[in-house]
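# Observations on chain architecture
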Amino acid sequence: MASAKAMGQMEQDHFVLKSGHTMPAIGLGTWRAGSDTAQNVQTAITEAGYRHVDTAAQYGVEKEVGQGLKAAMEAGIDRKDLFVTSKIWCTNLVPERVRPSLKNTLKDLELDYLDLYLIHWPFRLKDGAHMPPEAGEVLEFDMEGVWREMENLVKDGLVKDIGVCNYTVTKLNRLMQSASIPPAMEMHPGWKNEKILEACKKHGIHVTAYSPLGSSEKNLVHDPVVEKVANKLNKTPGQVLIKWSLQRGTSVIPKSSKDERIKENIQVFGWEIPEEDFKALCSIKDDKRVLTGEELFVNKTHGPYKSASELWDHED
Ligand code: NDP
Ligand code: 1BO
Ligand code: 1BO
């Protein structure tokens, strides 16, 4: 189990990726960010001090994120001081669609490069696939071919780093020859995801924890253990959950559409969760993922994936 002082990274407000590039430890999440996204991004950067924003083509808010970034840059923030992540969606996971997808994302974000481009999920969907997918809508995914095209984006300076999300140890091992793979995985005390974290650590690969508060569905801010630790440390439950992720050595991308929470969620430096409280948080029941992928990729009758367990290579 990760210790309270994972890799001595306690007070670090950034991580250095294998490529040598720096990723700010706290990023603003933008999934289901809603109509105030542009304003939220601007506030996060210009008022709360965020320098990292996580988005995705599939979130449908890249244009709004772009407006927020633009406003922040007009207010004097340099592009080079920002870390912007986006993700390629499952319908575009064929080598010839990688570059056009990135180009669309850059156009919507009004940027000329991304700091990090991620494979959103390691499954390919047919255009217009249903939820759950109908027969024949989950297609074969040429993981190596797509990855080679992602590497070409790095070579051409369109993207600084590339990475993956929602991978298993099995799938990660397939990509292990590649130099730099920062993955994003669901991680919070209610889903610690130890196996992939340990596998990445072993290979020196940095991990970002997504849904660090347990997302909307399993929000852990009212968990009694989290509340108890928060009261003891005179912090909010959200801050305790975010700090827990940082102390495991992961960067973290909490989402909020509320200015006061956006500000609260980055006030996590200059203090620490003591070992005993960290352990208490780790003992919260490690139930199951919030994001199982089932509704996106499982067709119980026709497959190719007939259960969530198959999506995760039976590692859960
Ligand atoms: P989070 O764990 O960040 O939780 C967000 C929820 O918590 C919202 O309902 C938000 O409400 C609420 N919240 C935020 N701050 C606080 C606080 N301080 N106190 C109490 N409640 C709070 O969930 P997400 O699933 O959004 O994950 C974060 C980000 O990770 C995503 O937005 C996305 O960018 C990324 N992600 C990536 C995935 C991938 O496959 N790569 C998958 C899932 C997420 P409100 O907005 O009203 O404040
Ligand atoms: C459907 C996208 C899940 C959050 O990244
Ligand atoms: C892999 C990291 C995602 C951060 O935005």
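This one's a predicted model, so the numbers in the text were calculated from it and none came from an experiment. (Residues numbered from 1 in each chain as written. Chains lettered and ligands numbered in written order. Predicted model: local features only at pLDDT ≥ 70, side-chain atom pairs only at ≥ 80, totals over all residues. Heavy atoms only, no water.)

### Some remarks on helix 2 (residues 62–74)
Rule in force here: Counting from the N terminus, the helices are DSSP H or I runs at least four residues long and the strands are E runs at least two residues long. What a helix is expected to span follows from its residue count: subtract one and scale by 1.5 Å. The rule is simple: take the accessible area with a 1.4 Å probe, protein chains only, and divide by the maximum for that residue type; under 20% is buried, over 50% is exposed, in between is partly exposed. Here a residue-residue contact requires only that any non-hydrogen atoms of the pair lie within 4.5 Å.
In a regular helix each residue adds 1.5 Å, so 13 residues correspond to 18 Å; helix 2 covers 18 Å between its end C-alpha atoms and thus fits that length. Every buried residue of helix 2 is listed here: Glu62, Val65, Gly66, Gly68, Leu69, Ala71 and Ala72. Packing partners of the buried residues in helix 2 comprise helix 1 (37–48), strand 4 (52–54), strand 5 (83–88) and helix 3 (95–109).

### Considerations on the environment of Met143
Of note, Met143 is situated in helix 4 (residues 143–155). The buried category is assigned to Met143, whose relative accessible area is 2%. Considering only alpha carbons, one finds Met143 and Arg124, 19 residues apart in sequence, at a separation of 9.5 Å. Not counting residues up to four positions away in its chain, the partners in contact with Met143 are Tyr167, Lys171, Arg174 and Leu175.

### Digging into the site of ligand 2
What counts here: Each residue is tested against the molecule or strand, and it is near if at least one of its non-hydrogen atoms lies within 4 Å. Whenever two N or O atoms come within 3.5 Å, that pair is a polar contact, provided that in protein one can donate a hydrogen and the other can accept it, and provided that, for residues adjacent in sequence, both atoms are side-chain atoms. Values of accessible area rely on a 1.4 Å probe in the Shrake-Rupley scheme; residue burial ignores everything except the protein chains shown. For this scheme, ten residues count as nonpolar: Ala, Val, Leu, Ile, Met, Phe, Trp, Tyr, Cys and Pro. Four count as charged, namely Asp, Glu, Lys and Arg, and the remainder, Gly too, count as polar.
Within the structure, ligand 2 sits among Trp31, Tyr59, Trp89, His120 and Leu291. With respect to ligand 2, the side chain of Tyr59 contributes an N or O atom lying 2.6 Å from an oxygen atom. In the model, an oxygen atom of ligand 2 is placed 2.7 Å from a nitrogen or oxygen of the His120 side chain. In isolation ligand 2 offers 220 Å² of accessible surface; the protein chains occlude 85% of this area. For the shell around ligand 2, the class distribution of residues is four nonpolar, one polar and no charged.

### Thoughts on the sheet that holds strand 11 (residues 208–210)
The condition that has to hold: Paired strands, in this sense, are two strands between which DSSP finds at least two bridges.
Ordered by their spatial adjacency, three strands build an open sheet running 10-11-12, and the pairing between neighbours is parallel. Of all the strands in the sheet, just strand 10 (184–186) and strand 12 (251–252) have a single pairing partner and so form its edges. Pairing of strand 11 with strand 12, which is carried by two bridges, proceeds in the parallel orientation. From the neighbouring strand, Thr208 faces strand 12, where its bridge partner is Ser251.

### Remarks on the packing of helix 2 against helix 3
Selection criterion: Every angle, taken between N-to-C directions, lies between 0 and 180 degrees, and every axis is a line fitted to C-alpha atoms, over only the stretch in contact when it is a helix. Small angles under 35 degrees read as roughly parallel and large ones over 145 as roughly antiparallel, with 65 to 115 read as roughly perpendicular and the rest as oblique.
One can describe the packing of helix 2 onto helix 3 by two numbers: an axis separation of 7 Å at closest approach and a directional angle of 50°. Taken together, the axes of helix 2 and helix 3 lie oblique to each other. Contacts between helix 2 and helix 3 involve Glu62, Lys63, Val65, Gly66 and Leu69 from the first element and Thr105, Asp108 and Leu109 from the second. Of the residues that constitute the contact of helix 2 with helix 3, the class distribution is three nonpolar, two polar and three charged.

### A short note on the environment of Asn173
Looking at the secondary structure, you find Asn173 in helix 5 (residues 169–175). Counting along the chain gives 30 residues from Asn173 to His203, while the straight-line C-alpha distance between them is 10.0 Å.

All quantities given are derived from atomic positions and should not be read as evidence of function.
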